[in-house]
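Fold and contact review
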Amino acid sequence: NGLIVTFGEMLIDFVPTVSGVSLAEAPGFLKAPGGAPANVAIAVARLGGNAAFIGKLGDDEFGHMLAGILTDNGVSAEGVNFDKGARTALAFVTLRADGEREFMFYRNPSADMLLNSHDLNLKLITSAKVFHYGSISLIAEPCRSAHLKAMEAAKDAGALLSYDPNLRLPLWPSADEARKQIMSIWDKADVIKVSDVELEFLTRSNKIDDESAMSLWHDNLKLLLVTLGEKGCRYYTKKFYGVVDAYHVKAVDTTGAGDSFVGALLCKIVDDHAIIEEEQRLKEVLKYACACGAITTTKKGAIPALPTHSEVLTLQNKAFNRRSHLYLWL
Ligand code: ATP
């Protein structure tokens, strides 16, 4: 299998032991390892793909715990650096009773922000068939320069570049700065995935339709995806566009659904970029990715909920049998 390298942050989310409370009201917190690029690498490995993560962690117990989670899950951590002077990033996250997510980050600065260009494992980066990243690594120097250098090295070596901006507004100095920086690397990517919320934010509109999605198109783009939670996803290529429905599941925690979706997509296209050019094949892959996303919502936390290939097939077969039964009844 071709190597998928993900680049960026890995951190620990602390989530309340009870749901529907504010951070101040929470009686206690549980550790939930995460960080979108790390989640994507683990999603790939869990599905049987070949993944490596590049980033910086604190040379502390949490940093070594996170590196252990990568390797325990079959993700190469040879591109992980440890900073002696800064801590592993932490975030306290809660879903309040009013449905709003509340974040409190401990990054002043955290080790992930201190990754610099000299830390980069260029051998690993240039052996990637797919190089995947977000936008949090663009927020501060020296990580921003390291991000740009890694992206360029991967592209020069022929990798497909995959971008999921993963907007975390509280980390940016302002909304305008977030939009500007997220868009500053837009035209480098071959594949871009945004959520419905990010589509609204980036296009400054409250419409989630084909017209607003297509306004994000750039000349070198091969595939644009808009994920829509329980409504599935929309896809856009140079030649065709359409919708893929979600699978019906009982969602308990949607954290990581987008990362699971991306991991599945990358796993399928890493050795066969031509899938993007053929609508039927692409739709099959996106159904698979939606099944991965759906399964991820059925358990608490991102990493524990990322599915194996056989779990995805089980959900797809169940849905197929349910549809066949319905068809017989009609
Ligand atoms: P996150 O930032 O939480 O990782 P996201 O907003 O990037 O997620 P979503 O649109 O929530 O991404 O989810 C990605 C995919 O997972 C969706 O396209 C869909 O197929 C599947 N999915 C997400 N939520 C649900 C749900 N409640 N029921 C079924 N499928 C879901």
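As shown above, the structure is provided for reference.
Here's a quick rundown of the structure. No experiment lies behind these values; they were computed from the predicted model shown. (Residues numbered from 1 in each chain as written. Predicted model: local features only at pLDDT ≥ 70, side-chain atom pairs only at ≥ 80, totals over all residues. Heavy atoms only, no water.)

Residues in contact with the ligand amount to 21 residues; listed here are only the nearest, Lys193, Gly229, Gly232, Tyr247 and Gly258. Lys193 places a side-chain nitrogen or oxygen 2.4 Å from an oxygen atom of the ligand. A distance of 3.4 Å separates an oxygen atom of the ligand from a polar atom in the backbone of Ala257. Protein contacts shield 86% of the accessible area of the ligand, which totals 620 Å² for the unbound molecule. Secondary structure elements with two or more residues in the shell around the ligand: strand S10 (191–195), helix H8 (257–269) and helix H9 (279–296). Considering each element in turn, the shell around the ligand owes the most residues, four residues, to H8. For the shell around the ligand, the residue count by class is nine nonpolar, nine polar and three charged. (Near = heavy atom within 4 Å. Polar contact = N/O pair within 3.5 Å; in protein donor to acceptor, adjacent residues only side chain to side chain. Areas by Shrake-Rupley, 256 points an atom, 1.4 Å probe, with all protein chains shown as cover. Helix = DSSP H or I, 4+ residues; strand = E, 2+ residues; numbered from the N terminus. Nonpolar A, V, L, I, M, F, W, Y, C, P; charged D, E, K, R; others polar.)

In terms of nonpolar packing, the biggest core is built from 59 residues, with Leu70 and Leu286 touching the most fellow members. Here this core takes ten residues from H9, the largest share from any one element. The next biggest cluster of nonpolar side chains, apart from the first, holds 41 residues, and it includes Phe131, Leu138, Ala189 and Leu221. (Core = buried A, V, L, I, M, F, W, Y, C linked by side-chain atoms within 4.5 Å. Buried < 20%, exposed > 50% of the residue type's maximum accessible area, 1.4 Å probe, protein only.)

Right, let's talk about the packing of aromatic side chains for a bit. For any pair of aromatic rings, the description rests on two quantities: the centre-to-centre distance and the angle between the ring planes. Summed over the entire model, instances satisfying the criterion amount to eleven aromatic pairs. Relative to Phe105, the ring of Phe103 lies with its centre 5.4 Å away and its plane at 10°, an arrangement referred to as stacked. The partly exposed category is assigned to Phe103, whose relative accessible area is 26%. Site record: aromatic cluster; members linked through ring pairs are Phe7, Phe131, Tyr133, Tyr163 and Trp186. We note Arg179 situated over the ring of Phe201; from NZ or CZ to the ring centre the distance is 4.3 Å. (Phe/Tyr/Trp six-rings, centres within 6.5 Å; stacked < 30°, edge-to-face > 60°. Lys NZ or Arg CZ within 6 Å of the ring centre and 35° of its normal.)

Turning to the sheet that holds strand S6 (residues 90–95), a few remarks are in order. Strand order in the open sheet formed by four strands is S3-S2-S6-S7, and the pairing between neighbours is mixed. Edge strands, defined here as strands with exactly one partner in the open sheet, are strand S3 (29–34) and strand S7 (101–106). Ignoring which end each strand starts from, the neighbouring axes of this sheet average 25° apart. The sheet contact formed by strand S2 (residues 11–16) and S6 spans three bridges and is parallel. Across the sheet, the residue bridging to Phe14 is Phe92, located in S6. (Pairing = 2+ DSSP bridges. Axes fitted to C-alpha atoms, helices over the stretch in contact; angles between N-to-C directions.)

We now examine H8. Think of an α-helix as turning once every 3.6 residues; residues three or four places apart then point the same way. Between its first and last C-alpha, H8 extends 19 Å over 13 residues, near the 18 Å set by a 1.5 Å rise per residue. By the criterion of burial, H8 is predominantly enclosed, with ten of the 13 residues buried. Buried within H8 we find Ala257, Asp259, Ser260, Phe261, Val262, Gly263, Ala264, Leu265, Leu266 and Ile269. (Expected span 1.5 Å × (residues − 1).)

Position of Asp13 among the secondary structure elements: in strand S2. The buried category is assigned to Asp13, whose relative accessible area is 18%.

We now examine the environment of Lys222. Mapped onto the fold, Lys222 is located in the loop between helix H7 (210–214) and strand S11 (223–227). In this structure Lys222 comes out as partly exposed when scored by relative accessible area, which is 34%. Placed 14 residues apart in sequence, Lys222 and Tyr236 show a C-alpha to C-alpha distance of 8.3 Å. Not counting chain neighbours up to four residues away, the residues in contact with Lys222 comprise Leu160, Asp190, Trp217, Tyr236, Thr237, Lys238 and Ile276. (Contact = heavy atoms within 4.5 Å.)

A side chain of one charge can pair with a side chain of the opposite charge if their charged atoms are brought near each other. In this structure the tally under the stated criterion is 16 salt bridges. As a salt-bridge pair, Lys193 and Asp164 come within 3.6 Å of each other at their nearest N and O atoms. Pair noted here: Lys193 is in strand S10 and Asp164 is in the loop between strand S9 (160–163) and helix H5 (175–184), with a separation of 29 residues, a long-range link. Asp164 carries the same exposure label as Lys193, and that label is buried. With its nearest N and O atoms 3.4 Å apart, the salt bridge here joins Glu278 to Arg281. Classification of Arg281 as partly exposed rests on a relative accessible area of 33%. Several salt bridges share partner residues, and in doing so they unite Lys56, Asp83 and Asp119 into one network. (Salt bridge = Lys/Arg side-chain N within 4 Å of Asp/Glu carboxyl O.)

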